Amino acid sequence: MFNCSDTKVVVKLESYGNYSVLKFNTGGKYNLFNIKFMTDMIDVLSNVEEDRISRFLIIEGEGNFGTGADITELKKANDDLEFARTFFNYMRQIYEKIMTVPKIVIALPQNIAYGASMEMLLVSDFVIAKNGTKFAAPGAKLGVFPPVLVSIGPSIIGYQNARRLALTGEEIDADEAMRIGLVNYVSEDPMKTASVLMEKMSVMAPTSLIWMKKNLDSRMKDMLYDAFEDLVNQVQSDNAKEGILAFISKTRPSWIPQQKSS
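This text gives an overview of the structure that appears in the document. Nothing here was measured: the structure is a model prediction, and the numbers come from that model.

Each value, and the rule that gives it
- Residues numbered from 1 in each chain as written.
- Predicted model: local features only at pLDDT ≥ 70, side-chain atom pairs only at ≥ 80, totals over all residues.
- Heavy atoms only, no water.
- Helix = DSSP H or I, 4+ residues; strand = E, 2+ residues; numbered from the N terminus.
- Rg over C-alpha atoms; globule rule 2.2 N^0.38 Å.
- Buried < 20%, exposed > 50% of the residue type's maximum accessible area, 1.4 Å probe, protein only.
- Arc of directions from axis to C-beta.
- Contact = heavy atoms within 4.5 Å.
- Salt bridge = Lys/Arg side-chain N within 4 Å of Asp/Glu carboxyl O.
- Expected span 1.5 Å × (residues − 1).
- Pairing = 2+ DSSP bridges.
- Axes fitted to C-alpha atoms, helices over the stretch in contact; angles between N-to-C directions.

A closer look at the overall build of the protein chain
Working step 1: Along the backbone of the protein chain there are 12 helices and nine strands.
Working step 2: Taking 262 residues into account, the globule formula puts the C-alpha radius of gyration at 18 Å, and the protein chain, at 18 Å, falls close to it.
Working step 3: C-alpha extents for the protein chain along the principal axes are approximately 65 × 40 × 35 Å.
Working step 4: Counting across all 262 residues of the protein chain, residues that qualify as buried make up 50%.

The structure is reproduced here in structure tokens:
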């Protein structure tokens, strides 16, 4: 999670016949979940829902896949309950739209996929990571828990793996991410691998793919909703306020033990 000094956000959709590519760039060094990005993302995903030509949707971030929530907007969510509700409602809508859009969604993370950005992979149908990509859900270090990972994560990557990533916040590489099921393929050329995957699925009837996706994901929306309701309350907690302020001020929150002098 990082500050976003540049408010420029670009979410664009490119069409290539039977598939479309959604690319995003929030400006600055990192791709972040902020209000501008989330509202633009929701608008583009709504347009994708109306598309009757493409069968597949590729999602990729320019430069990196993303480092999660914008810390400045999390700080605002600390202090303003209505903003917190709006912020996390937009975030939940993105995940739900990816789960319900009538396309097979293939995410192509590269370089970094942390926090809310990593959680976007859990709701995608396939994930093809560029070799060298790093993954982590470190939100609890700031006092904010990862809602997708702890709610539907166990169904995707297994209970023990979801618990380990959530409770330790540890970073894993692409090979480990593939081993636990967060990533389906690791590739030096993710788009080429995606093309092979789409060709393989092209022999399937379009309606069969979409109804299978619907039935696979249908039970997860309620779990997501409950987790985000808890998150709105938790971001208002003293721990979250202290953790986010400590991150901004580059200090140590009180729950981290002081290092013993030798």
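Thoughts on helix α7 (residues 159-168)
Working step 1: The complete set of buried residues in α7 reads Asn 161, Ala 162, Leu 165 and Ala 166. Considered in projection along α7, the buried side chains sweep an arc of 120 degrees and stay on one side of the axis. Seen from the buried face of α7, the exposed residues on the opposite side, beyond 90 degrees, are Tyr 159, Gln 160 and Leu 167.
Working step 2: On its buried face, α7 sits against α5 (147-151), α6 (153-157), β8 (172-173) and α8 (174-180).
Working step 3: With its phi angle positive at about 65 degrees, Gly 169 sits one or two positions after the end of α7.

Some words on the pattern of salt bridges
Working step 1: Per the counting criterion, the structure on display carries 11 salt bridges.
Working step 2: Residue Glu 49 is joined to Lys 97 by a salt bridge in which the shortest nitrogen-to-oxygen separation is 3.3 Å. Separated by 48 residues along the polypeptide, Glu 49 in helix α1 (residues 35-50) and Lys 97 in helix α3 (residues 81-100) bring together distant segments of the chain.
Working step 3: In this structure, Glu 82 and Arg 85 form a salt bridge, with 2.7 Å as the shortest nitrogen-oxygen distance. Linking Glu 82 with Arg 85, this pair stays in helix α3, spanning three residues, or about one helical turn.
Working step 4: By relative accessible area, Glu 82 is classed as partly exposed at 48%.
Working step 5: Residue Arg 85 is classed as partly exposed on the basis of its relative accessible area of 42%.

Overview of α1
Working step 1: With 16 residues, α1 extends 23 Å between its outermost C-alpha atoms, agreeing within 8% with the 22 Å of an ideal straight helix rising 1.5 Å per residue.
Working step 2: Every buried residue of α1 is accounted for by Ile 35, Phe 37, Met 38, Asp 40, Met 41, Ile 42, Val 44, Leu 45 and Val 48.
Working step 3: Buried residues along α1 sit against β1 (10-16), β2 (19-25), β3 (56-61), α2 (71-79), α3 and α4 (115-122).

Some details on the sheet that holds strand β6 (residues 126-130)
Working step 1: Read across the sheet, six strands follow the order β1-β2-β3-β4-β6-β9 without closing on themselves; strand pairing throughout is mixed. Every other strand in the sheet has two partners, leaving β1 and β9 (185-187) as the edge strands with one partner each. Neighbouring strand axes in the sheet, compared pairwise and without regard to direction, differ in orientation by 20 degrees on average.
Working step 2: Relative to β1, α1 is tilted by about 20 degrees, and along the sheet it contacts β1, β2 and β3.

Don't take any of this as a statement about function, it's just geometry.
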